[in-house]
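Fold and geometry: a report
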Amino acid sequence: MGPAAEWPTASFLELTQSLTESLKPEFYLLSLPGKSPAADLLAKSLGSEQDKEPKRNSSAGDLGLDNLLELLPTFSTVVGSNGSLVNLAAHLGVPTVTLMGPHSPRTHRPLGKIHEVLTTYAECSPCHLAKCPLDHRCLNELSVETVTEAVKRVLA
């Protein structure tokens, strides 16, 4: 859906640290082709202090749809920017936390009862643009604390 739909990598990094402190989860990073630098940074941060190897890391582009369809139902939750991955996970019955940026939650949200769609008020949203011409406030203002609490709610 374009770079405007992506939550900042630094926020994902802070989220993984927040969740690690409170829930002790095992993470599996999924990224689309061309997004590996952000995934690599997150994977490095999830490693142990001794070896800095990720607990698990993969690329959705490398998995293929068959493998992705097998893997997603094994997750306790999926957290991600709005796009095909969170919608597919929700369709498979996996609780999701969707970080909604420039798209309307009415038309682009995952469907179901065990999903949370998080958005912030921005006077320019929904703009439906792939690249933000302003300051990306629709996602930059979505706090890590808000996402952490949503993850805890869908896991409860």
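Note: the structure precedes this text.
The sections below set out a description of the structure shown in this document.

Definitions and limits used
Residues numbered from 1 in each chain as written. Predicted model: local features only at pLDDT ≥ 70, side-chain atom pairs only at ≥ 80, totals over all residues. Heavy atoms only, no water. Helix = DSSP H or I, 4+ residues; strand = E, 2+ residues; numbered from the N terminus. Expected span 1.5 Å × (residues − 1). Buried < 20%, exposed > 50% of the residue type's maximum accessible area, 1.4 Å probe, protein only. Arc of directions from axis to C-beta. Contact = heavy atoms within 4.5 Å. Pairing = 2+ DSSP bridges. Axes fitted to C-alpha atoms, helices over the stretch in contact; angles between N-to-C directions.

A rise of 1.5 Å per residue sets the reference length of helix α7 (residues 144–155), with its twelve residues, at 16 Å; its end C-alpha atoms lie 17 Å apart and thus fit the reference within 8%. Every buried residue belonging to α7 is among Val-144, Val-147, Thr-148, Ala-150, Val-151 and Val-154, and all of these are buried. Down the axis of α7, the smallest arc covering the buried residues is 160 degrees, so these residues share one side. Packing partners of the buried residues in α7 comprise α1 (9–23), β1 (78–81), β2 (96–99) and β3 (115–118).

Further remarks concern the sheet that holds β1. Spatially, the three strands line up as an open sheet ordered β1-β2-β3, and their pairing is parallel. Single-partner strands in this sheet number two, and they are β1 and β3. Each neighbouring strand pair of the sheet contributes to a mean axis angle of 15 degrees, computed without reference to strand direction. Pairing of β2 with β3, which is carried by four bridges, proceeds in the parallel orientation. The partner of Val-97 across the bridge, within β3, is Glu-116. Each of β1, β2 and β3 is contacted by helix α4 (residues 84–91), which is oriented at about 155 degrees to β2, the strand it contacts most.

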